[in-house]
Structures are given as C-alpha cells and as structure tokens.
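# Structural overview for review
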Amino acid sequence: MAASAATILEYFPEEEGYMCGYCKDTSSNYSNGMWAHTMTVQDYQDLIDRGWRRSGMYVYKPVMNRTCCPQYTIRCRILEFKLTKSSKKVLKKMTRFLSKGEGANESGEPMDSINEDTGIDHPSATCLSEVDIDLEKPLKIVSLEEMPNSTEVAENPQIDCAVDTRDQSQKHSSTEANASTGSFHCFKPGQGADPNKPPCRKAKDIRRERKLKKLLQKQQQTEMSNVPQNQEADGDAPDTLLLPHRSKRPNQPKSLEEFISASLSSDAVHHFEVKLVPVSFDDPGFTESFNQSATLYSKYQMAVHHDSDDECSVSEYSRFLCQSPLQAEYPPDGPESGYGSFHQQYWLDGKIIAVGVIDILPRCVSSVYLYYDPDYMFLSLGVYSAIREVAFTSELQKKVPDLRYYYMGFYIHSCPKMKYKGQYSPSELLCPETYEWIPIEKCRAKLDQSKYSRLNEDPDAEDENSLQNLSKVLILHKNTVMPYNVYRRRQKRVDNEAVIQQYANLVGQACAERMVLYRN
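Throughout what follows, the structure given in this document is the object of discussion.

### Remarks on the overall build of the chain
What the chain contains, in helices and strands, is 16 helices and 16 strands. Residues counted as buried form 48% of the 520 residues belonging to the chain. Considering only residue pairs separated by 6 or more positions, the chain has 70% of its internal contacts joining residues 24 or more positions apart. Surface exposure of the chain reaches about 27400 Å², of which carbon and sulfur atoms provide 48%.

### Some remarks on the pattern of salt bridges
Tallied over the full model, the rule gives 17 salt bridges. Ionic pairing is found between Glu395 and Lys398, a salt bridge with its closest N-O pair at 3.0 Å. Of this pair, Glu395 and Lys398 both sit in helix 11 (residues 381–399), separated by three residues, roughly a single helical turn. A relative accessible area of 40% means that Glu395 is categorised as partly exposed. A residue is classified by how much of its surface remains accessible, and Lys398, at 58% relative accessible area, is exposed. One salt bridge connects Asp402 with Arg404, and the closest N-O pair in it is separated by 3.7 Å. Since its relative accessible area comes to 6%, Arg404 is described here as buried. Where salt bridges share partners, they join Asp43, Asp46, Asp49, Arg363 and Arg514 into one cluster.

### What to know about the nonpolar core
One finds Tyr371, Val473 and Tyr503 to be the most contacted residues of the largest nonpolar core, which totals 110 residues. A total of nine residues in this core trace back to one element, the largest contributor, which is helix 11. The contact partners of Tyr503, leaving out residues within four places of it in the chain, are Leu9, Tyr11, Met34, Val473, Ala512, Met515 and Leu517.

### Description of the packing of aromatic side chains
Applying the stated criterion to the full structure yields 20 aromatic pairs. Measuring from ring centre to ring centre gives 5.6 Å for Phe290 and Tyr317, while their planes differ by 50°; the resulting arrangement is tilted. Remark: Tyr317 occurs in helix 10 (residues 314–321) and Phe290 occurs in helix 9 (residues 290–304); sequence separation between them is 27 residues. Of the two residues examined, Phe290 and Tyr317, each falls in the buried class. Here the aromatic rings of Tyr297 and Phe320 are separated by 6.4 Å at their centres, their planes lie at 65°, and the arrangement is edge-to-face. Note that Tyr297 is positioned in helix 9 and Phe320 in helix 10, a separation of 23 residues in sequence. Both residues of the pair, Tyr297 and Phe320, belong to the buried class. Linked through ring pairs, Phe281, Phe286, Phe290, Tyr297, Tyr317, Phe320, Tyr369 and Tyr371 together constitute an aromatic cluster. A cation over an aromatic ring shows up here: Arg66 above the ring of Tyr30, its NZ or CZ 3.9 Å from the ring centre.

### Some points on the pairing of strand 12 (residues 427–430)
Both faces of strand 12 are covered, namely the face carrying Ser427 and Leu429 and the face carrying Glu428 and Leu430. Pairing of strand 5 (residues 72–77) with strand 12 involves three bridges; the strand directions are antiparallel. Directly across from Cys76, in strand 12, lies its bridge partner Ser427. By the bridge criterion, three bridges tie strand 12 to strand 13 (residues 437–439) in an arrangement that is antiparallel. Paired with Glu428 across the strands is Pro439, a residue of strand 13.

### What about a negative patch on the surface?
On the surface, Glu436, Asp458, Asp460, Glu462 and Glu464 cluster together to form a negatively charged patch. Inspection of the secondary structure puts Glu436 in the loop between strand 12 and strand 13. The partly exposed category is assigned to Glu436, whose relative accessible area is 32%.

The rules we used
- Residues numbered from 1 in each chain as written.
- Predicted model: local features only at pLDDT ≥ 70, side-chain atom pairs only at ≥ 80, totals over all residues.
- Heavy atoms only, no water.
- Helix = DSSP H or I, 4+ residues; strand = E, 2+ residues; numbered from the N terminus.
- Buried < 20%, exposed > 50% of the residue type's maximum accessible area, 1.4 Å probe, protein only.
- Contact = heavy atoms within 4.5 Å.
- Areas by Shrake-Rupley, 256 points an atom, 1.4 Å probe, with all protein chains shown as cover.
- Salt bridge = Lys/Arg side-chain N within 4 Å of Asp/Glu carboxyl O.
- Core = buried A, V, L, I, M, F, W, Y, C linked by side-chain atoms within 4.5 Å.
- Phe/Tyr/Trp six-rings, centres within 6.5 Å; stacked < 30°, edge-to-face > 60°.
- Lys NZ or Arg CZ within 6 Å of the ring centre and 35° of its normal.
- Pairing = 2+ DSSP bridges.
- Patch = residues over 30% accessible without salt bridge, like charges linked within 9 Å, V, L, I, M, F, W, Y side chains within 5 Å.
- Lys, Arg positive; Asp, Glu negative; His and termini not counted.
- Charge placed at Lys NZ, Arg CZ, Asp CG, Glu CD.

Here is the structure:
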C-alpha cells in the first residue's frame, strides 16, 4: 500500500485548555486533535459527520461536555434551501452594484461571514508533528492472515443515502360527515357545514384562479392564432401547440439561480465572475493568483481581525489556507472539478475581492474560511459567498445525487457571531452523543437551557459507529501497517492503549479500520 493512498494521522489527546476565541476565557477551550499527513476525502467526510473539523493540516474535535463554548457541526439541506428576506436583500444589492454601480455607500450586513470560525475557535497550529513520513514510499503490510480485510482504504465507501422525509399529508374534509349524508338532508344550526355543498374558499384563492384561467385562455388564443393555415384546415394540430410552455403561477418567488443570473447581465457596469481553483501549487490558476490572494488575506486579517504583520504573513497564509491533507480524487461518477480542497475566487473588474476556501467531499461542500477586501464590505460578501456556495453545491448535486449538503462549520448557540448560521434554512445540528442530525428547530429550546445538550430526543439511541473491536484499529509502526492486536504482540509493553482506544472511539470503528495511526 502506498502512503499517499491512505489516511495517515498522529493523534494528540486533550491535556489542558487554551484560550477561547468566543468568550475570551484564557484556558477553558478543550479539544482533541490529529495531525493529518494525508487524508482521503471519504475519511474526512466521515470525520466531520462525527464532529471533527480541519484547520490547515490539523484536524480537531471539541470536547463538547467540557469546553466553555460547545461547537455543534451545522449543515444545510440544499435541496430544500429557502432564501430569507435578508439574503434576498444582499443578492439585490449585489445586482444593483454590478449592473448600475449603485450601493457603494451602503453598509454591510452584520455578522456576515459564515465561515470564519476555523480561524477563531482553533487557530491553525504550527506543525505539531516531528515525524517525516515519505508519502511516496510504499508501506509494508503485515501478512494478510493476521490482518483484517478492512486494512486497505475502501474503494467504494458506503454513502449515506438516507433522505430526510417530509410530511406530505394535506388537509381533507371529514369522511364521517359524508358517510352520514344518505339519511340526512336537513341540517340544523350548530351541526357543521353541509357536506353536499362545495367547501368554502378564500376570495383571494378564487381571484387567483380566475386570473390564471384568463392567462391560460389568452395564451391559447395566441397559440391558435399562430397555427399554420394547413393545420387549421386539417384540424389535426397537436395538443402541444395549445400549451407548449406552462406559464408560471402569478407571484411565484424567484429561485436562487434567477437571483444570481440577474446580477450577471452582459451590459453590467462591472464585470464579475467566480473562479474555482484547486489548492495545488501544480495548478496554473492557483499559482498565478497566489500573490494577489495572499495580499488580500493579509489586508483582511489586519483590518477585520486586527492581526499583526507576522500573524498574517505569506508563510502563515500558506500554512493556514493553502495546505490541505485532502488528496484530490477524480472518480468518473464524481463532480467535474473532482474532490478535494479549493479556493473559490470572486473577481471584480480583473481583481480578486474575496476568496472562499472550501472542501468538496462525497456528500457535501464544506466551508472552511472566507476572506475579502474590506473596501467592499458594503456588499456583505460573507452572506453573498455563502449563498453562492449553496448554489454551487446545488449544481454539483445535479451530477452527484449524494452531494446534497452544505456544511457551515460550527454553530455556537451562546455566541451571536456563530448563532446566526441557524438562519440558513433548513439546517440541522449534529448530536454530540449519537452523531445523528437533528433539525435545528428541535434544538434551540434545549440549548437555551444548557450550552451542552444531547440533542437526540430518543433516550435509547446510541452511536452506531462506536468502537467495537480495538484489535482491528490500524497502526503504522516502523513503516509497517498492522492491526492493533499484531502491534501489541510485537511490542514488549504497550503504555498507550488508553490513548489508542480514545482515538478509535472519537473517529469511530469504520474510520479506525481504514485510517492509519502513526506510533513511534
């Protein structure tokens, strides 16, 4: 097995607290972490579905029942995404600015950056690993007789195809009343409506139906007047000529795609485009725009987060947002861009004004970070970029049906800067104990009472992917991959079994059998 074909990690258990970027306590934030030398997109997908999140090459998971500000993974179901009034306001503002140059003096929306939390709740750490692993060097594998079949990275990982069902029941008239109409023809006051008569309807609905009928009749007359004479004579005009295109219902709201396309007219005052470039110094688009992106990052960090020059240097930028453990993958049934880490660049009149760092995974687009030009803060680029990422996810889903979620990082109910993410509808929070997704509407009352909560209401629900067999956990020792039971037999003494068990519990049995944990 080549090292580059597997996920190779070092695990760092939580030992002491560090400063919280939200409540500003100096030592109340706790998390467990892993340094990812390399990682497959399927493994990372499964990890974020267990509450993990990456910051550069470092992958961390908050200790939810101990940390001061519990951070719940939040995602949005893009197939049912609904634009809010504030989101529409931002889209219209962008349209006015691009098409007419208006709105430059307006103020931006507060709390408008949906994916800033990576840089706040857990700063990108310097390389905690002192191990130099040659990713191109093939790894030795213990004899297959001693090794379970799960030692190799799954070629066809099981995708969670569970779709959230929606209640499709509708109101209907009572059947009991209809059953009794055979023997009653006279109804006294107080016994309800006469079931033999049509149900009452609102005047507004009646007017809407009449208006729609008039529109349809007018269209039919127009289509009939355009029918060629030979078809009129034959009387064999196809039915499709009457209604070739069904007209939209009056007052039907604009779709997200319509809002976005309205801002990209060819005669606009400003030229605007969004480019997707892979995070790779082998990609020409990435390397050609690197200096401009790094300069923009520094400008943003100093203006918005008040960082020093050293804190937002080119090397810090590269380590934080240009290094990713995710291996690029290009399966034939995947998106055209492939899977991996990307920069989504927003270009205005030939220069970059914002960059959204995203990961494209088998079931989602995960938002990592956003930085933008403070001179364009009036455009609410945080909100706008989030909406564009939702639209981008929707486009990917047309090619990859399982890719139907937009992950927004962490939701912190006690922090207004992160609490607003719940406004993107419909959203779900990850239960920190069962790792099941719960609609956010069912979570708010619990989180109002306590910062930490088991969100799943089913008291019998358990983590279905919890550690069941420690012996199958994969270990990398002296350039050899082996299951833990073999590693334990080869070692004269094992002092860190509790640490390995903690690691396997946090990543889950499936990942523990696929990923490789380095031990010296």
